[in-house]
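A look at the structure
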Amino acid sequence: MNVIFVLLGYLILINLVGFTAMFLDKRRARRGAFRIPESTLFTIAFMGGSLGSLIGMYLFHHKTRHRSFTVGIPLLLILQLFILIFLYLSPVQFKFL
């Protein structure tokens with residue numbers, strides 16, 4: 001199995017989690033229910049879900065007034081893109097068994 005497919009699958013999954021977390025937290029905020037902690041939202045973005053979190057943030061108009069989110073999530077996305085580009089251009093071959 002190629003490591004690219006595993007990484008791609010992980011990124012799709014974690015970005016869906018980030019998108020869903022933004023949706024759920026916005027819905028809970030409107031209902032006055034128990035919220036998802038901001039640290040959890042940032043952890044999901046840090047783990048690779050920054051694109052899904054960013055899309056969810058602006059699609060649902062959630063956390064867009066918080067500077068830590070409007071600056072932090074895009075910076076995480078840029079950092080993660082640089083890491084992906086570095087890994088792609090790296091001469092080291094990553095393979096699973």
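Read on for a plain summary of the structure. (Residues numbered from 1 in each chain as written. Predicted model: local features only at pLDDT ≥ 70, side-chain atom pairs only at ≥ 80, totals over all residues. Heavy atoms only, no water.)

Side note on the packing of aromatic side chains
Under the counting rule described, the total for this entry stands at three aromatic pairs. Pairing Phe19 with Phe60 gives two aromatic rings, centres 5.2 Å apart and planes at 50°, and the pair type is tilted. Placement of the pair is Phe19 in helix α1 (residues 3-31) and Phe60 in the loop between α2 (38-59) and α3 (67-89), with a sequence separation of 41 residues. When its relative accessible area of 26% is taken as the criterion, Phe19 is described as partly exposed. Taken together through their ring pairs, the aromatic side chains of Phe19, Phe23 and Phe60 make up a single cluster. (Phe/Tyr/Trp six-rings, centres within 6.5 Å; stacked < 30°, edge-to-face > 60°. Helix = DSSP H or I, 4+ residues; strand = E, 2+ residues; numbered from the N terminus. Buried < 20%, exposed > 50% of the residue type's maximum accessible area, 1.4 Å probe, protein only.)

A short note on the pattern of salt bridges
Taken as a whole, this structure holds two salt bridges when the rule is applied. In this structure, Asp25 and Arg35 form a salt bridge, with 3.0 Å as the shortest nitrogen-oxygen distance. Of this pair, Asp25 sits in helix α1 while Arg35 sits in the loop between α1 and α2, placing them 10 residues apart in sequence. Under the relative-accessibility criterion, Asp25 is labelled buried at 0%. Lys63 serves as the salt-bridge partner of Glu38, at 3.0 Å between the closest nitrogen and oxygen. Linking Glu38 in helix α2 with Lys63 in the loop between α2 and α3, this pair joins segments that are 25 residues apart in sequence. Residue Lys63 is classed as buried on the basis of its relative accessible area of 9%. (Salt bridge = Lys/Arg side-chain N within 4 Å of Asp/Glu carboxyl O.)

Remarks on unusual backbone geometry
The phi dihedral of His61 falls on the positive side, at around 50°, and the residue is not glycine. Tracing the backbone through its elements, the reader meets His61 in the loop between α2 and α3. Given a relative accessible area of 58%, His61 falls into the exposed group.

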